[in-house]
Amino acid sequence: MQVDYQALRFDYRRCADQSAAVPARHPVIVVGAGPVGLATAIDLAQQGQRVLLLDDDEALSHGSRAICFAKRTLEVFDRLGCGERMVEKGVTWNLGRVFHREEPVYGFNLLPEGGHQRPAFVNLQQYYLEGFLLDRAQALPEIEIRWRSRVTAVAQADDGVTLTVETPEGEYRLLADYLVAADGSRSPIRRALGLESRGRTFRDRFLIADVRMEADFPAERWFWFDPPFHRNQSVLLHQQPDGVWRIDFQLGWDADPVAERQPDKVIPRVRALLGPDVPFELEWVSIYTFSCLRMERFRHGRVLFAGDSAHGVSPFGARGANSGVQDAENLAWKLALVLRGAAPDSLLDSYDAERVAAADENILNSTRSTDFITPKNEASRAFRDATLALARDCAFARRLVNSGRLSLPSTYAASPLNTPDAEAFAGAMVPGAPALDAPVRAAGGADWLLRYLGNAFTLLHFSDDAASPPAPGDLPLPVRAVLVVPPGAAAGGPHEGVPGTVTVLEDADGLARQRYDARPGTTYLLRPDQHVCARWRRFDPAAVRAALERATGKRA
Amino acid sequence: MLNTEPNIAAPDDFYEALLAIHQDLLPAQSRLVDAKLILLLSNHIGDPEVLRQAMAKAREGIVPAGQDAILAARA
Ligand SMILES: Cc1cc2nc3c(=O)[nH]c(=O)nc-3n(C[C@H](O)[C@H](O)[C@H](O)COP(=O)(O)OP(=O)(O)OC[C@H]3O[C@@H](n4cnc5c(N)ncnc54)[C@H](O)[C@@H]3O)c2cc1C
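Residues numbered from 1 in each chain as written. Chains lettered and ligands numbered in written order. Predicted model: local features only at pLDDT ≥ 70, side-chain atom pairs only at ≥ 80, totals over all residues. Heavy atoms only, no water.

- Chain B appears in an unreviewed UniProt entry as DUF2783 domain-containing protein from Roseomonas acroporae.

- Chain A is annotated in an unreviewed UniProt entry as FAD-dependent oxidoreductase of Roseomonas acroporae.
- Chain A has a UniProt comment under Cofactor (unreviewed entry) that states "FAD". (UniProt positions renumbered as here; feature names shortened; annotations may be inferred.)

1. Description of the overall build of chain A
1) Next: Assigned secondary structure in chain A consists of twelve helices and 28 strands.
2) Next: For 556 residues, the compact-globule estimate of 2.2 N^0.38 gives 24 Å, and the C-alpha radius of gyration of chain A, at 24 Å, lies within 12% of that figure.
3) Next: Taken over the C-alpha atoms alone, chain A extends approximately 70 × 65 × 50 Å along its principal axes.
4) Next: For chain A, the proportion of its 556 residues judged to be buried stands at 59%.
5) Next: Of the contacts formed within chain A by residues at least 6 apart in sequence, a portion of 70% connects residues at least 24 apart. (Helix = DSSP H or I, 4+ residues; strand = E, 2+ residues; numbered from the N terminus. Rg over C-alpha atoms; globule rule 2.2 N^0.38 Å. Buried < 20%, exposed > 50% of the residue type's maximum accessible area, 1.4 Å probe, protein only. Contact = heavy atoms within 4.5 Å.)

2. Notes on the interface of chain A and chain B
1) Next: Each partner contributes residues to the interface: chain A has 27 residues there, and chain B has 16 residues.
2) Next: Between chain A and chain B, the buried area comes to about 1,900 Å², and carbon and sulfur atoms account for 65% of it.
3) Next: Among the residues chain A hides against chain B, the three largest losses belong to R203(A), F383(A) and F396(A). Together they make up 26% of the total.
4) Next: Viewed at the interface, chain B and chain A are joined by two salt bridges.
5) Next: For R74(B), the salt bridge identified is with E196(A), shortest N-O distance 3.7 Å.
6) Next: Between the two partners, chain A and chain B, sit five residue pairs in polar contact (both at pLDDT 80 or more). (Buried area = accessible area lost by both parts, 1.4 Å probe. Salt bridge = Lys/Arg side-chain N within 4 Å of Asp/Glu carboxyl O. Polar contact = N/O pair within 3.5 Å; in protein donor to acceptor, adjacent residues only side chain to side chain.)

3. Comments concerning the pattern of salt bridges
Residues and elements named next belong to chain A.
1) Next: Tallying each qualifying case throughout the model produces 47 salt bridges over all chains.
2) Next: Measuring nitrogen to oxygen at the nearest pair gives 2.8 Å for the salt bridge that ties R146 to D17. Residue R146 is located in strand β8 (residues 143-146), and its partner D17 is located in the segment before β1 (24-31); the two are separated by 129 residues in the primary sequence. Accessibility assignment for this pair places R146 and D17 in one class, buried.
3) Next: With its nearest N and O atoms 3.3 Å apart, the salt bridge here joins R72 to E329. Of this pair, R72 sits in helix α2 (residues 71-79) while E329 sits in helix α7 (residues 320-339), placing them 257 residues apart in sequence.
4) Next: By relative accessible area, which is 4% here, R72 ends up buried.

4. Considerations on the site of the ligand
All names here are of chain A.
1) Next: Of all residues adjacent to the ligand, which total 30 residues, the nearest are D55, D56, C68, D308 and N322.
2) Next: Interatomic distance of 3.3 Å between a side-chain N/O atom of R65 and an oxygen atom of the ligand.
3) Next: Measuring from an oxygen atom of the ligand, one finds a backbone N or O atom of I67 at 3.2 Å.
4) Next: Across the complex, the protein chains shield 89% of the 1,000 Å² of accessible surface that the ligand would expose by itself.
5) Next: For the shell around the ligand, the secondary structure elements donating two or more residues are α1 (35-46), β9 (150-157) and α7.
6) Next: Ranked by the residues each element gives to the shell around the ligand, the list is headed by α7, at three residues.
7) Next: Of the residues belonging to the shell around the ligand, the class tally is 15 nonpolar, eight polar and seven charged. (Near = heavy atom within 4 Å. Areas by Shrake-Rupley, 256 points an atom, 1.4 Å probe, with all protein chains shown as cover. Nonpolar A, V, L, I, M, F, W, Y, C, P; charged D, E, K, R; others polar.)

5. Concerning the side chain of R302(A)
1) Next: Inspection of the secondary structure puts R302(A) in the loop between β19 (299-300) and β20 (303-305).
2) Next: No salt bridge is formed by the buried R302(A); the nearest opposite charge belongs to D177(A), separated by 5.0 Å. (Lys, Arg positive; Asp, Glu negative; His and termini not counted.)

6. Quick notes on the packing of aromatic side chains
All names here are of chain A.
1) Next: Taken as a whole and judged by the stated rule, the model has 24 aromatic pairs over all chains.
2) Next: On the numbers, 5.5 Å between centres and 90° between planes, the contact of Y5 with F132 is edge-to-face. With Y5 in the segment before β1 and F132 in helix α4 (residues 126-138), the pair connects residues that are 127 residues apart, well separated along the chain.
3) Next: Ring geometry for Y106 and F108: centres 5.8 Å apart, planes at 40°, overall tilted. For the residue pair Y106 and F108, the accessibility class agrees, reading buried in each case.
4) Next: Every member of this aromatic cluster is reached through a ring pair, and the members are F206, F223, F225, Y288, F290, F316 and F372.
5) Next: Above the face of the W253 ring, R205 is positioned so that its terminal group lies 4.6 Å from the ring centre.
6) Next: One cation-aromatic arrangement involves R302 over Y178; the distance from NZ or CZ to the ring centre is 4.9 Å. (Phe/Tyr/Trp six-rings, centres within 6.5 Å; stacked < 30°, edge-to-face > 60°. Lys NZ or Arg CZ within 6 Å of the ring centre and 35° of its normal.)

Here it is, written out as structure tokens:
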């Protein structure tokens, strides 16, 4: 059955907290049921943590906003139990093409190698993404969602946060041990605490039109600089599900944002791109100005800012929702451990350190792309035009063309949670990096490595045989153990361990060994968010214990 | 290390050739030619340290008299 996620309305329901004599206390309240708040709530619930999610609205994302969701985000959603639906519904793509005037300049493949379950990107309307997250959240008994519940005031003390919540039936108060502010770019909570997000606005305006049509463009990202149908400006085209296409027209700073939104202005622009004979319908039109900005810190005592409330980027590179989801997965396991008393409160400082650094990386990339697309002075424009002109026959210039450097997850290389390497390793899986996928053979047949990592700390151990699995012994936290052996080496076949034992996977194509630069004995410790925090050439229980303590903030 | 000692065998020939590529061009056309030239030479040099020193040398002593179109964002 097709659900019209845009038409869904969620009822306000009165709850017992509204009649309580003293404000009810919740371990964690998440404000904002956008992609980031929903992901945070689901991740916390999967850790067994009870969560209250408040949203001021009664509907999912209005109109179309984010459409491009990156491989890493899909992997996070796989772990959260709703990635498959997104990939099924979404339009999968790996290729981008850049045109200058009439001519193709170059193409790029964002996932040039095989052996990964997820593609570089899927395109999916934000309301589907939120709808699928919501369906998942509603299946988890730990999550309570209250719609039409607007947080209007926030006060923080040493032992908790007090919130004032406005509903159709008036206000009430709540207490929280921790508050996650996933309340979007205008973040009323940020304002209520007297905090700011600062950065730069680009002097440009973009018309974003979602158009319903039958078209035979391929499922690729197409970007034009100065095309004949939209002179002196850029245009970006993306395919979405349901026969909808996203077209971004650059308009320049002097464009009139009200007039440009009118169909009599928009339709001729679309027609110029498609030609006179292609029938289409406007699905949604909006005019945007973009900024890159962030809060100085994402943690303020017991209030943690995540997603657009904490940082903002221009959409070139699709780094908004994608990075917000990475905030969510970074925060959730830490918060769950702290609330359970299994880690000190200072572990939450590492959320701030890791995600501020990630935001800077995203802002840097997004700013560079936007500076290329929207030159800020005469010289920027001259170098942009020179780069595009040279790109036709000079390979080096193609590498300089910047129509958006698309979202990649950050590696927390400088994180205090990492145990530095004591032995030599090659490749990408440095401490702080998100784990790479690889095809494996599991008990149920062909499978993917990432499906066996995360949610808890995981020991990933490589061996030539299944005879001597690592025995983590007595550790302060439950740790999953996964043993990867060569094809055919799992005596009795690959199997999934019952808790406390070891899952044995066969390295179907030898890619796990390659990607993890593994030899027999190589052991990785992965965090619940699948980031590497330590690795060794042999399994040593004492080293594992020390690394686990470091990764949970119990030792520096 | 950026070499600022004489390194071009026939300096007058080089200078003449540099002017020749701008002959009969409007300022905007010249700007494009220069920009292409800078990109080509930069890629040829490749060494980021040399490029950084050359950029710093080129910018030395110039006091900005203009203003980029940058707006502060606060939210
Ligand atoms: C045109 C456009 C294209 C984009 N394309 C992409 C893309 O392709 N890929 C990508 O990754 N990102 C993209 N983005 C960015 C993406 O949409 C945002 O980064 C993302 O929505 C942020 O999610 P969030 O959960 O932090 O905030 P939001 O989605 O803004 O959610 C905030 C939620 O908080 C609620 N709320 C606000 N105040 C209160 C309050 N006081 N009390 C209770 N609830 C409250 C709101 O109702 C809302 O539900 C795009 C953005 C735009 C505008």
